[in-house]
Amino acid sequence: MLILIIVSIAITVLYNSYIIIKYKKIPESLSETSYLLGGNKRYWFTGYCFIISFCLLPVLFTITLNNCLFLPFIFCGGLLFAGGSPLFRSGLDKPIHYIFSYLAFAAYIFYMIFCMGWIWLIGYLIVLGILCAIKWKHYVYWAEILALFEIIIFILCCYI
């Protein structure tokens, strides 16, 4: 299981570092990276979401209480569908992407409350507030990245 966590961390750091360094800016959201990359590279976003989902789901299943197992499934499933519809600005991808990204984020918030504990939610909101104060325009990106890193940190805490 530790290898899945390491892969999640490595892919997240590499993917986001590549975007920020190559385009010399912080994207407004993770989804926007598909448009920044353009062409065939836009599906790197899809691959990123799929890899993260497939790495986090089995690990979350092992540490989650039985009565909350649906939350990691909804979180990772929403991430899969959001990643599978990278052209979120138009067409059929738009409602699919938005519905499942909001669903994934809601599942993450409920997971924080019911499985991780209120202290994680409070910490998330404080750090998110600080990051948004630095650069408000990127609040969606900060919320998404912080959610991924916080859940990875929580998983690591469960294994230590």
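See the structure printed just above.
Residue indices begin from 1 for each chain and proceed along its sequence in written order. With the structure being a predicted model, the display of local features is reserved for residues of pLDDT at least 70 and the display and counting of side-chain atom pairs for 80 or more, all residues being used for whole-chain, interface and lining totals. For side-chain calculations, the full set of non-hydrogen atoms in the structure is used, while hydrogens and water are omitted.

**Overview of the overall build of the protein**
- In terms of helices and strands, the protein carries seven helices and zero strands.
- Think of it this way: any DSSP run of H or I at least four residues long counts as a helix, any run of E at least two long counts as a strand, and we number them from the N terminus. The secondary structure elements of the protein, listed N-terminal to C-terminal, are α-α-α-α-α-α-α.
- Taken against the 2.2 N^0.38 rule, which gives 15 Å for 160 residues, the C-alpha radius of gyration of the protein at 15 Å falls within 12% of a compact globule.
- Principal-axis analysis of the C-alpha atoms gives the protein an extent of 40 × 30 × 30 Å.
- Relative to all contacts within the protein whose residues are 6 or more apart in sequence, the contacts with residues 24 or more apart total 64%.
- Only the protein chains shown count as cover for residues, with accessible areas throughout obtained via the Shrake-Rupley method and a probe of 1.4 Å. Entry remark: accessible area of the protein is about 8,500 Å², with carbon and sulfur atoms responsible for 76%. The globule rule used for comparison is 2.2 Å times the number of residues to the exponent 0.38, while the radius of gyration itself is calculated over C-alpha atoms. Residues are treated as being in contact if the distance between any of their heavy atoms lies within 4.5 Å.

**Quick look at helix α4 (residues 70-84)**
- For a helix, the expected span equals 1.5 Å multiplied by the residue count minus one. In a regular helix each residue adds 1.5 Å, so 15 residues correspond to 21 Å; α4 covers 21 Å between its end C-alpha atoms and thus fits that length.
- Lining the buried residues of α4 we find α3 (43-63), α5 (93-116) and α7 (139-159).

**Regarding the nonpolar core**
- The criterion is simple. A nonpolar core is a set of buried Ala, Val, Leu, Ile, Met, Phe, Trp, Tyr and Cys residues joined through side-chain atoms within 4.5 Å. In this scheme, a residue with accessible area under 20% of its type's maximum is buried, one over 50% is exposed, and one in between is partly exposed, where area comes from a 1.4 Å probe on protein chains only. Among the nonpolar cores identified, the biggest contains 44 residues, and Leu56, Leu60, Phe75, Tyr108, Tyr111, Tyr124 and Ile151 are the most heavily contacted of them.
- The biggest single contributor to this core is α7, with 11 residues.
- Apart from the residues lying within four places of it in its own chain, the contact partners of Ile151 are Leu56, Leu60, Phe75, Tyr108 and Tyr111.

**Some words on the packing of aromatic side chains**
- Within 6.5 Å between ring centres, the rings of Phe, Tyr and Trp (the latter by its six-membered ring) count as paired, and their orientation is classed by plane angle as stacked under 30 degrees, edge-to-face over 60, tilted in between. Applying the stated criterion across every chain yields a total of 16 aromatic pairs.
- Between Tyr108 and Tyr124, the ring centres sit 5.9 Å apart and the planes meet at 65 degrees, which makes this aromatic pair edge-to-face. Residue Tyr108 is located in helix α5, and its partner Tyr124 is located in helix α6 (residues 118-134); the two are separated by 16 residues in the primary sequence. Here the two residues Tyr108 and Tyr124 agree in accessibility, since each one is buried.
- Members of the aromatic cluster, joined through ring pairs, are Tyr35, Phe88, Tyr98 and Tyr102.
- Charge-over-ring placement is defined geometrically: NZ (Lys) or CZ (Arg) within 6 Å of the ring centre, and within 35 degrees of the ring normal. We note Arg89 situated over the ring of Tyr35; from NZ or CZ to the ring centre the distance is 4.2 Å.

**Looking at the pattern of salt bridges**
- A pair is scored as a salt bridge if a Lys or Arg side-chain nitrogen falls within 4 Å of a carboxyl oxygen belonging to Asp or Glu. A full pass over the atoms with the stated rule returns two salt bridges.
- The residue Lys25 makes a salt bridge to Glu32 at a minimum N-O spacing of 3.7 Å.
- Its salt-bridge partner being Lys137, residue Glu28 comes within 3.9 Å of it at the nearest N-O pair. With Glu28 in the loop between α1 (2-23) and α2 (32-37) and Lys137 in the loop between α6 and α7, this pair connects stretches of sequence that are 109 residues apart.
- Under the relative-accessibility criterion, Lys137 is labelled exposed at 54%.

The values are spatial; any link to function lies outside them.
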